[in-house]
Structures are given as C-alpha cells and as structure tokens.
Amino acid sequence: MTGFQGAFNRGWEGAQTIYDKIAMKTVSSNAAEAYVWLRELPNIREWVAERYVHGLAKDGFILENRKFESTIRVKRTDIEDDNYGSYSPMLEELGRKGAEFPDELLAELMASGFDTNCYDGQFFFDTDHPVGDPNDPTSFSNVQAGAGPAWYLLDLSRNIRPFIFQQRIPFQLQRLDGENDENVFMKDNYLYGLRGRMNAGFGLWQLAFASKADLTVANYEAARAAMTSLRGENNRKLGIKPTHLVVPTELEGDGRRILKTQLITGGESNPWAESAELLVSQWL
C-alpha cells in the first residue's frame with residue numbers, strides 16, 4: 001500500500017488543472033447547498049435620503065452533491081510474487097484522473113449552459129438576460145451564435161466566479177486488501193479505488209460569455225465589447241473585465257494567434273495580444 005499510495009500521490013501532484021481558476025470553490029457540509037444570488041452586481045451610489053437595498057433573487061437554486069468512484073482490481077498473487085511494480089502506473093494514472101476530474105465536471109457544466117437555466121430563469125448563456133428595473137428590464141446577451149465548437153470569455157478578476165465547484169468529500173485512495181475482506185477471501189483480488197462527493201454549478205452569468213462562432217479577431221473583439229458594455233441599475237456599467245479565454249483543444253491555435261501573436265498580417269501590432277490569459281481544456 002505504501003508503494004501504491006506513493007504512485008497515486010505522484011499522479012495527483014503532477015496533474016495540471018484549470019478548475020481552480022475558473023470556478024469559485026465552496027465546501028459543502030450537507031447533501032445539497034442553496035445558492036441565492038443578487039439579481040445583478042450592485043454599483044456604489046451616492047447616499048441620498050435612505051439606503052437602496054439590493055434584494056437577493058427570489059429564485060435561487062439547490063446544488064446537490066453527486067457521488068463518484070473509480071476502482072482498480074489487483075491480483076493477490078502478483079503482490080505475493082513482488083509484481084506490484086506493474087500496477088504502479090495504473091495507480092499513478094488513477095491519481096492524475098482524480099485530480100483532473102473537477103476540470104471534466106466543469107467542462108460538462110459549461111457545455112450545458114446553452115440549454116440549462118440559471119438563477120434568473122434564463123439559460124446561463126442566453127440572448128435576453130433581464131437587467132435593471134424589474135418592472136422595465138433591459139435585456140443583455142452573453143452568447144454569440146454559431147455552429148462550431150464553443151469557446152468562452154470569462155471575468156475571473158473577482159472572488160465570485162461564473163462557475164461553482166462544490167466539494168463535499170474530496171477524492172481519497174481507499175483499499176480492500178485485508179486477509180478477511182470478502183473480495184480477497186472469495187476471489188483472491190485486492191481492490192483499490194477513489195470515492196468522492198462533489199458537483200459543479202452556475203454562478204453569475206454576467207462574468208461569462210460563450211460563442212459557437214469562429215474564434216476570429218472580430219468575434220473575440222465583439223465578445224469583449226458585449227461583456228464590457230453590461231450595465232446595471234441607473235444604466236451604469238458593471239465594470240466587467242474579461243481576463244481569460246477558455247478554449248477546447250481544437251481551438252488552441254486560434255486562441256494563441258489572437259492572444260500570443262504580437263504582429264498580424266502586414267506587420268501591424270496586434271491590439272489583442274496578451275489581452276487575456278489562454279486556458280485550454282481537453283474536456284470541452
């Protein structure tokens with residue numbers, strides 16, 4: 001077990017993840033947690049007469065924890081014959097998969113945002129989010145139509161994030177390799193596996209913009225303009241600052257050309273170079 005735990009730890013520590021950048025991590029202490037958001041990001045206003053109290057959205061949401069596992073069978077005879085080294089890569093891979101699983105969970109959530117409601121009753125990525133006076137709201141869009149793979153522009157400059165990673169029980173390496181364990185006695189196998197409870201959910205739609213249009217300079221510029229133009233009460237801008245561009249692997253080249261190339265066609269300076277940090281998800 002000491003050797004297997006070491007291999008598992010190497011895999012876990014060597015994993016490269018992005019979920020901790022794009023999601024607000026919350027620690028759950030129940031089967032589910034309730035989230036109630038402000039309907040919009042409030043601005044600072046001059047205090048005239050009484051305070052203006054911003055109400056929480058009456059329709060929040062409940063995020064239930066889900067349970068996940070992954071299990072490996074090891075022949076008892078291999079351990080008896082000192083062949084445990086052949087299983088070390090499997091345990092190392094199990095550690096890596098466990099560490100990276102939140103990325104996979106967040107990618108699943110992001111992809112569902114085109115047809116899943118968020119706290120305001122609209123799809124998380126939608127064309128008509130209501131903002132401002134509830135009796136006379138203004139509609140804002142955080143989505144760009146298209147038929148290609150989706151890419152995402154995010155404002156990750158705040159403590160609150162567009163997505164939530166809720167953790168109830170973190171993954172741990174568990175084992176059934178005792179002499180009196182049923183699987184050992186009956187089948188002569190040892191079992192090693194992961195178990196964890198967690199889930200991912202939507203935060204504030206104002207901090208995320210999604211597009212299925214081609215990832216071009218023009219579309220990237222339009223996405224930034226849509227985010228930075230968002231307004232709240234009294235038609236004041238919300239101060240959204242796009243900081244990260246999240247792309248699937250097939251759009252990594254396009255993302256790099258927009259954000260990493262200093263010169264464009266004709267030798268002109270690229271005005272969008274380093275305007276956001278590029279994050280590539282292999283799960284999108």
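Located above this text is the structure these notes cover.
Residues numbered from 1 in each chain as written. Predicted model: local features only at pLDDT ≥ 70, side-chain atom pairs only at ≥ 80, totals over all residues. Heavy atoms only, no water.

K.L.:
Explanation requested: the sheet that holds strand E9 (residues 163–176) in the structure shown.
P.N.:
Strands in a sheet are paired, the pairing made by backbone hydrogen bonds, and the direction either parallel or antiparallel. Within the open sheet, the four strands sit side by side as E1-E9-E10-E4. Their pairing is mixed. The open sheet has two edge strands with one neighbour each: strand E1 (23–27) and strand E4 (66–75). Each adjacent strand pair in this sheet contributes to an overall mean axis angle of 30°, direction not counted. The pairing of E4 with strand E10 (residues 189–202) spans ten bridges and is classified as antiparallel. The residue of E10 that forms the bridge with Arg73 is Leu191. Running at roughly 25° to E10, helix H4 (residues 88–112) makes contact with E1, E4, E9 and E10 of the sheet. (Pairing = 2+ DSSP bridges. Helix = DSSP H or I, 4+ residues; strand = E, 2+ residues; numbered from the N terminus. Axes fitted to C-alpha atoms, helices over the stretch in contact; angles between N-to-C directions. Contact = heavy atoms within 4.5 Å.)

K.L.:
Quick question: what am I supposed to make of the packing of aromatic side chains here?
P.N.:
Here the distance between the centres and the angle between the planes together describe a pair of aromatic rings. Applying the stated criterion across every chain, the model contains twelve aromatic pairs. Between Phe8 and Trp12, the aromatic rings sit 5.9 Å apart at their centres with planes inclined by 35°, giving tilted as the arrangement. You can see Phe8 and its partner Trp12 sitting in helix H1 (residues 2–14), four residues apart, about one turn around the helix. Since its relative accessible area comes to 33%, Trp12 is described here as partly exposed. (Phe/Tyr/Trp six-rings, centres within 6.5 Å; stacked < 30°, edge-to-face > 60°. Buried < 20%, exposed > 50% of the residue type's maximum accessible area, 1.4 Å probe, protein only.)

K.L.:
Could you clarify how one ought to interpret the pattern of salt bridges in this entry?
P.N.:
Working definition: two side chains of opposite charge can pair if their charged atoms are close together. Under the counting rule described, the total for this entry stands at nine salt bridges. The shortest N-O distance in the salt bridge between Arg96 and Glu93 comes to 2.3 Å. With Arg96 and Glu93 both in helix H4 and three residues apart, the pair spans about one turn of that helix. A salt bridge links Arg256 to Glu252, with the nearest nitrogen and oxygen atoms 3.1 Å apart. Taken together, the residues span about one helical turn, with Arg256 and Glu252 both in helix H7 (residues 252–259) at a distance of four residues. Each member of the salt-bridge network shares a partner with another, and the members are Glu93, Arg96 and Glu100. (Salt bridge = Lys/Arg side-chain N within 4 Å of Asp/Glu carboxyl O.)

K.L.:
Quick question: what am I supposed to make of the pairing of strand E8 (residues 151–154) here?
P.N.:
Every other side chain in a regular strand lies on the same face of the sheet, so the side chains alternate between the two faces. Across the two faces of E8 the burial is the same, with Trp151 and Leu153 and Tyr152 and Leu154 all buried. Pairing analysis gives four bridges linking E8 to strand E11 (residues 208–211), with the strands arranged antiparallel. By the bridge assignment, Tyr152 is partnered in E11 with Ala210.

K.L.:
I keep staring at the environment of Ala15 and nothing clicks. Help me out?
P.N.:
Its place among the elements puts Ala15 in the loop between H1 and helix H2 (19–22). Take Ala15: its relative accessible area is 18%, and that puts it in the buried class. Along the sequence, Ala15 and Arg96 sit 81 residues apart, while their C-alpha atoms lie 5.4 Å from each other. If near-sequence neighbours (up to four positions away) are discounted, Ala15 is found in contact with Arg96, Ala99 and Glu100.

K.L.:
I keep staring at the side chain of Asn142 and nothing clicks. Help me out?
P.N.:
Here Asn142 shows up in the loop between strand E6 (138–140) and strand E7 (143–144). There is a polar contact of 3.1 Å between the side chain of Asn142 and the backbone oxygen of Ala208. Aside from chain neighbours lying at most four places away, what touches Asn142 is Phe124, Phe125, Asp126, His129, Trp205, Ala208, Phe209 and Ala210. (Polar contact = N/O pair within 3.5 Å; in protein donor to acceptor, adjacent residues only side chain to side chain.)

K.L.:
Please clarify how the nonpolar core should be interpreted in this entry.
P.N.:
One recurring pattern in soluble globular proteins is that nonpolar side chains are buried together. Formed by 66 residues in total, the largest nonpolar core has its most connected members in Ile22, Leu106, Phe125, Tyr152, Phe163 and Leu245. Counting residues per element, this core draws most heavily on H4, which supplies seven residues. When neighbours within four sequence positions are excluded, Ile22 is seen to be in contact with Leu106, Met110, Leu154, Leu156, Arg161, Pro162, Phe163, Val246 and Leu279. (Core = buried A, V, L, I, M, F, W, Y, C linked by side-chain atoms within 4.5 Å.)

K.L.:
Where do I start with helix H6 (residues 217–228) in this structure?
P.N.:
Residues lying three or four places apart along an α-helix face the same way, a consequence of the helix completing one turn every 3.6 residues. Counted at 1.5 Å a residue, the expected span for H6 with its twelve residues is 16 Å, and the 16 Å between its end C-alpha atoms agrees. Looking at the packing, one finds that the buried side of H6 touches E7, E8, E11, strand E12 (244–248) and H7. (Expected span 1.5 Å × (residues − 1).)

K.L.:
Hey, could you run me through the sheet that holds E7 in this one?
P.N.:
The sheet built from five strands is open, its strands ordered E7-E11-E8-E12-E13 with mixed pairing. Across the chains shown, the open sheet's two edge strands, defined by having one partner strand only, are E7 and strand E13 (277–281). With five bridges connecting them, E12 and E13 associate as parallel partners. Within E13, the position partnered with His244 by the bridge is Glu277. Lying over the sheet, H6 contacts E7, E8, E11 and E12, oriented at roughly 40° with respect to E8.

K.L.:
Before we go on, may I ask you to explain the environment of Arg66 in this structure?
P.N.:
Tracing the sequence through the fold places Arg66 in strand E4. Given a relative accessible area of 33%, Arg66 falls into the partly exposed group. Considering only alpha carbons, one finds Arg66 and Ala200, 134 residues apart in sequence, at a separation of 9.3 Å. Sequence-distant contacts of Arg66, defined by excluding residues within four places in its chain, comprise Leu105, Glu108, Gly196, Arg197, Met198 and Asn199. Of note is the side chain of Arg66, whose polar atom sits 3.1 Å from the side chain of Glu108.

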